[in-house]
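Chain and residue survey
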Amino acid sequence: MQYKEKNKKYIHYQIFIAMVLLFLLFCGGIGILTGEKQFSEMENRYLTSFSVPHLAEILDGKAQEQLEQALEDQFPWRDACVQISVSLKRLLGAKDAGGVYFGKDGHLIEKKLSSQLPYERYARNRKFITAAMEELHQQGDEAGWTLVLVPFPGSIDADLLPAGAREFDEAGYREQAAGAEEPDQKQAAAAGAEKELDLYAQFREKREAGKRLYFATDHHYNASGAWEAAQALREMFHLPEKKQEDFGMEQVTDAFYGTLYSKAPLPEIRPDSISIPTKLPELSVEIDGKPVDAGAEPDGGAAGAAAEAGEAAEPGGKAAGAEAEAGGHRLWQIYDMEKLRTKDKYAVYFGGNYGKVVIRKKASAKPSARRSGMHSGKARRICVIKDSYANSCVPYLFDTESFPDEVAELTMIDLRYFNDSFQELAAQEQYDEILVFYEMSNFIEADYFNKLLG
Amino acid sequence: MVFSGMVFLGVFFPVFLLLYWLLPQAGKNLWLLLASLFFYAWGEPVYVLIMLFSIVVDYTNGRMIGYFDAKGKHDTVGRAFLIASIVINIGLLCFFKYANFFIDSLNALFGTGLGNLAVSLPIGISFYTFQTLSYTIDVYRGIVRPQKNPLDFGMFVTMFPQLIAGPIVRYADVEKRLRAEDRQCTPADVFRGLERFILGLGKKVLFANLAGGLFSELSNYTESDRSVALVWLAVLFYSFQIYFDFSGYSDMAIGMGQMMGFQFPENFDHPYESRSITEFWRRWHMTLGSWFREYVYIPLGGNRKGPLRQAGNLFLVWFLTGLWHGAGWNFVLWGLYYFVLLFLEKLFLKDAVAKLPSILKRVYTLFFVALGWGIFVCDDPSRPLSWLGGLFGIGIDRSAGAFGGMFGYSICSHLPFLLLLAVASTSLPARLGGRLLQMIQEIQKNESATIYTLKAGYLLVVLCLSLISIISGSYNPFLYFRF
């Protein structure tokens, strides 16, 4: 009797112990049972998966490490765990996570301190640009060089940062660089130094007028920011004055969770929307030397394209499809609409970044181009050494109508993927204008501008 | 294998325990031994050989000492085996842990160009060599009897719960429970063990890991983003990280021991609420302190041979304590720092501090403990004592003032967590919990069910949060499309 009584007293302990152990087993085994996920879109990386190890891998402990990683990577509710974990940290007072500030109004802003981005790196990279230009000029090339640095989001949206949050001193850097150049400015001007298109004041002004120029969840500027940069470029090139609406803006998604959201996935963050200019002239695109034929425009314009993205052959696109497959891409105008189905939606522009992308206005579609080109200068050919900020800006440089000095050909060089000699390319192509187009923090961080030399 | 990873928590731990309980008495120790060897071999399969060697050597030495004791040759042959055991154990430790440190120090001192050895530190060697040493010394002293069953002895050395991070379990602590028959435990004991384990896991994963993350974040702020106050804040987070990490591991070990019927010694007793440095060291890593007292300080004569000799003994003990923590001069300096403080307390400081109000005693203790961590954390030989210097403004950009840089932002962001850590490191939560249970007992008739429900619920929350934290810890956005 007493024994029974005692056992009864223990039963709830046993239930708890069994529950905990089974729960742990469940957490450990669920990843194996639910099958293998190859890729995490949130993190943009391949996940570790389960595999049969070799003896050597077991002996040096690599296989064990891999299994440990796989159990965590393959946990099915991993993204939810991360959301809970970030939310809890914020509940405890944290005002940033994963190098991203929780800004006001659900705005995420990257945290970039001057200790990470010292002025010296900025100055060094500027020197590389000047050196590259001088090297090219010495070969007799006459292209005009312009440095275009899009302001860092944290500098423009400073009012959205949490209290006390710091960023590197972009305004100070710009001033210091301008001051450092002054003494030999005249001499440099004579030699044809690179110009600088200063977007900082313009962006600040727009921001102060209440405009949002950057995505809330991504590190890029949005369509308004891209248009600001484009406007400044158009003015510099003396292209006709236009409004953004003239380019037929169409919203193609309202469910864009960008890279900053990946780093700080708070559950209440609202997604961004992406609008693209659709009223472009007929363009041909060549990626890394291979022509990518633009598929026929789907019915219903860009929005229709977004809806149809990823589905089987587009109407009348059989041949185009085959051709596109050769290059591995299928574009509509300059857009890869399939990307709107993935997490990395900013890649809708050209499908992402490539070493060399050449965009040409199709001459056949515009017979007037050559004729009107006769009475003044020739049509412009531009080279843009760039980061992904350029991708959403350059479409605005192409006008549907034709006139002298219009942009007829634009080559984008992404030095991260471009492995030929830039000097050779530029000497051979004889561009009219060369732009160095980067977002400020990217420009400072870049460690490959030596590729522009020699 | 680490306790805070999914392989241990999701596979090893539940599978091991379920089988352990299902097995008959006769199989339990063998299962524990095999599982422990597997546990150890998981990270470094080759180094399991060193541990097996250590087991064989000390088992033999113990048997031999016992054998020659019986023959009346305690002081001659018995002693020779004791010395052999000490030399081999310390030799192993020196070779694997300190060889390259000695070589580097020689090179630095005499400008010699000796090359380093290609050895890496076998995990837990500092712990298990001390455990086996305690065995042979105690056998020699007649405190424990030599273990005849090699399986039981092997199980004592390899026992996975305390294998890699303590507590340092001396043979005498567990001698009476080595045979499986002697380890009866009720489900209530197992429940208490599991409770201890889960709370230890929470300490490690929720407090230590987060505090560690903040420490490394603050460490990354340099130049104008840094200030003296920021360095202090970083060292504070480090102080909490090391406490919760270490005591969390100890709690998990003690809890797992409890679930199998062992009673491991306590290792931490809320050290950060100590009122003197002397008291701090009675509450911090207690098993290490008592090991050095038992096997170094007292055998050397302790305080029985005059103050000068005592000072010498203390010096040696704290030199070794420092060195035990790692092969680096910062650790030695850290040990000697405590030698100075403790000796000063013995001389006069303790009496002076005793007159202070309680709160000032705590401030005094915490200040010097934090300063100590400022030495401990300087493990980068290329920048010797940079943290300690930083605490006093040396090497810090002072243009923005002592509270400049990222300090304002960081303290605003992390003050709630810092306070949480501070409270959690004291005995206050335990006392409040006790008070709550008492209140429930007074109000409720069927109190045990209510208490059980509350406890179980609380433990499940801690467990779930820990798992969430572990899984999200592997979250690693690799945004190479950064541009």
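For the structure itself, look to the data block above.
Structural notes, computed from the coordinates. All of these numbers come straight from a predicted model, not from anything done at the bench. (Residues numbered from 1 in each chain as written. Chains lettered and ligands numbered in written order. Predicted model: local features only at pLDDT ≥ 70, side-chain atom pairs only at ≥ 80, totals over all residues. Heavy atoms only, no water.)

1. What about the overall build of chain A?
Using the following cut-off: Runs of E in the DSSP output that reach at least two residues are strands. Runs of H or I that reach at least four are helices, and both are numbered from the N terminus. To sort residues, take the accessible area from a 1.4 Å probe on protein chains only and compare it with the maximum for the residue type: under 20% means buried, over 50% means exposed, and anything in between is partly exposed. It only takes one pair of heavy atoms within 4.5 Å for two residues to be counted as in contact. All accessibility values rest on the Shrake-Rupley procedure with a 1.4 Å probe; residue burial counts only the protein chains present in the view.
Tallying secondary structure elements over chain A gives 16 helices and 15 strands in all. Within chain A, buried positions represent 53% of all 454 residues. Here the analysis covers contacts within chain A between residues at least 6 apart in sequence; of these, 78% occur between residues at least 24 apart. With an accessible surface of roughly 20,500 Å², chain A has 53% of that area assigned to carbon and sulfur atoms.

2. Observations regarding the overall build of chain B
Heads up, the rule is: The size measure is the radius of gyration over C-alpha atoms, and the globule rule it meets is 2.2 Å times the number of residues to the 0.38 power. Note on charges: Lys and Arg go in the positive column, Asp and Glu in the negative column, and His and the chain ends are not counted at all. To locate a charge, take NZ of a lysine, CZ of an arginine, CG of an aspartate or CD of a glutamate.
Helices and strands together make up the secondary structure of chain B, namely 18 helices and zero strands. Over its C-alpha atoms chain B spans a radius of gyration of 24 Å, differing by no more than 12% from the 23 Å that the globule rule assigns to 483 residues. Seen through its principal axes, chain B has C-alpha atoms that stretch 75 × 70 × 60 Å. Out of the 483 residues in chain B, the part that is buried amounts to 55%. Look at the contacts in chain B between residues 6 or more apart in sequence, and 74% of them connect residues 24 or more apart. With the model as given, the accessible surface of chain B reaches about 20,800 Å², and the carbon-plus-sulfur share is 67%. Counting 38 positive and 30 negative side-chain charges, chain B places the averaged centre of each group 6 Å from the other.

3. Digging into the state of the cysteines
Residues and elements named next belong to chain A. Applicable threshold: We call a pair of cysteine sulfur atoms a disulfide when they lie within 2.5 Å.
Using the criterion set out here, one finds zero disulfides over all chains in the structure. Among the cysteines around Cys81, which has no disulfide bond, Cys27 carries the closest sulfur, lying 8.4 Å off. Among the cysteines around Cys393, which has no disulfide bond, Cys383 carries the closest sulfur, lying 15 Å off.

4. Let's talk about helix 4 (residues 78–91) of chain A
An α-helix turns once per 3.6 residues; consequently, residues spaced three or four apart project the same way. Residues and elements named next belong to chain A. Stated precisely, the cut-off is as follows: One less than the residue count of a helix, multiplied by 1.5 Å, gives the span that helix is expected to have.
Between its first and last C-alpha atoms helix 4 spans 20 Å; for 14 residues at 1.5 Å apiece the expected length is 20 Å, and the two agree. Where helix 4 is concerned, the buried positions are Arg78, Cys81, Val82, Ser85, Val86 and Ser87. Just beyond helix 4, the residue with positive phi is Gly93, at close to 110 degrees.

5. Thoughts on unusual backbone geometry
Residue and element names in this part refer to chain A. Despite not being glycine, His238 shows a phi value in the positive range, around 55 degrees. By the secondary structure assignment, His238 is in the loop between helix 10 (223–236) and strand 8 (249–256). What makes His238 exposed here is its relative accessible area of 70%.

6. Brief notes about the packing of aromatic side chains
Rules: Classification of ring pairs uses Phe, Tyr and Trp, with its six-membered ring standing for Trp, and accepts pairs whose centres are within 6.5 Å; under 30 degrees between planes counts as stacked, over 60 as edge-to-face, and the remaining range as tilted. When the NZ atom of lysine or the CZ atom of arginine is within 6 Å of a ring's centre and also within 35 degrees of its normal, the charge is said to sit over that ring.
Per the counting criterion, the structure on display carries 101 aromatic pairs over all chains. The interplanar angle of 55 degrees and the centroid separation of 5.4 Å between the aromatic rings of Tyr346(A) and Tyr349(A) together place this pair among those described as tilted. Between the aromatic rings of Phe130(B) and Phe292(B), the centroid separation amounts to 5.7 Å while the plane-to-plane angle is 75 degrees, which identifies the pairing as edge-to-face. Here Phe130(B), found in helix 5 (residues 125–141), pairs with Phe292(B), found in helix 11 (residues 286–297); they are 162 residues apart in sequence, far enough to count as distant. The residues Phe130(B) and Phe292(B) share a single accessibility class, namely buried. Stacked on the ring of Tyr20(B), the Lys or Arg Lys28(B) has its end atom at 5.0 Å from the ring centre. Over the ring of Trp324(B) we find Lys97(B), and its NZ or CZ is 5.2 Å from the ring centre.

7. Here's the deal with the interface of chain A and chain B
For the record, the criterion: Summed over both partners, the accessible area (1.4 Å probe) lost when two parts come together is defined as the buried area. What counts as a salt bridge is simple: a side-chain nitrogen of Lys or Arg found within 4 Å of a carboxyl oxygen of Asp or Glu. Just so you know the grouping, Ala, Val, Leu, Ile, Met, Phe, Trp, Tyr, Cys and Pro go in nonpolar, Asp, Glu, Lys and Arg go in charged, and all remaining residues, Gly too, go in polar.
Taken residue by residue, the interface counts 72 residues in chain A and 62 residues in chain B. Counting each side, the surface lost to burial between chain A and chain B is near 5,900 Å², with a carbon and sulfur contribution of 69%. On the surface where chain A and chain B come into contact, there are two salt bridges. The closest approach of N and O atoms between Lys111(A) and Glu217(B), which form a salt bridge, is 3.2 Å. Within the residue set of the side of chain A that touches chain B, elements represented by two or more residues are helix 1 (2–33), helix 2 (55–59), helix 3 (62–73), helix 4, helix 11 (259–263), strand 15 (433–439) and helix 16 (440–445) of chain A. If one sorts the elements of the side of chain A that touches chain B by residue count, helix 1 of chain A sits on top with 14 residues. When grouped by side-chain class, the residues that make up the side of chain A that touches chain B number 32 nonpolar, 20 polar and 20 charged.

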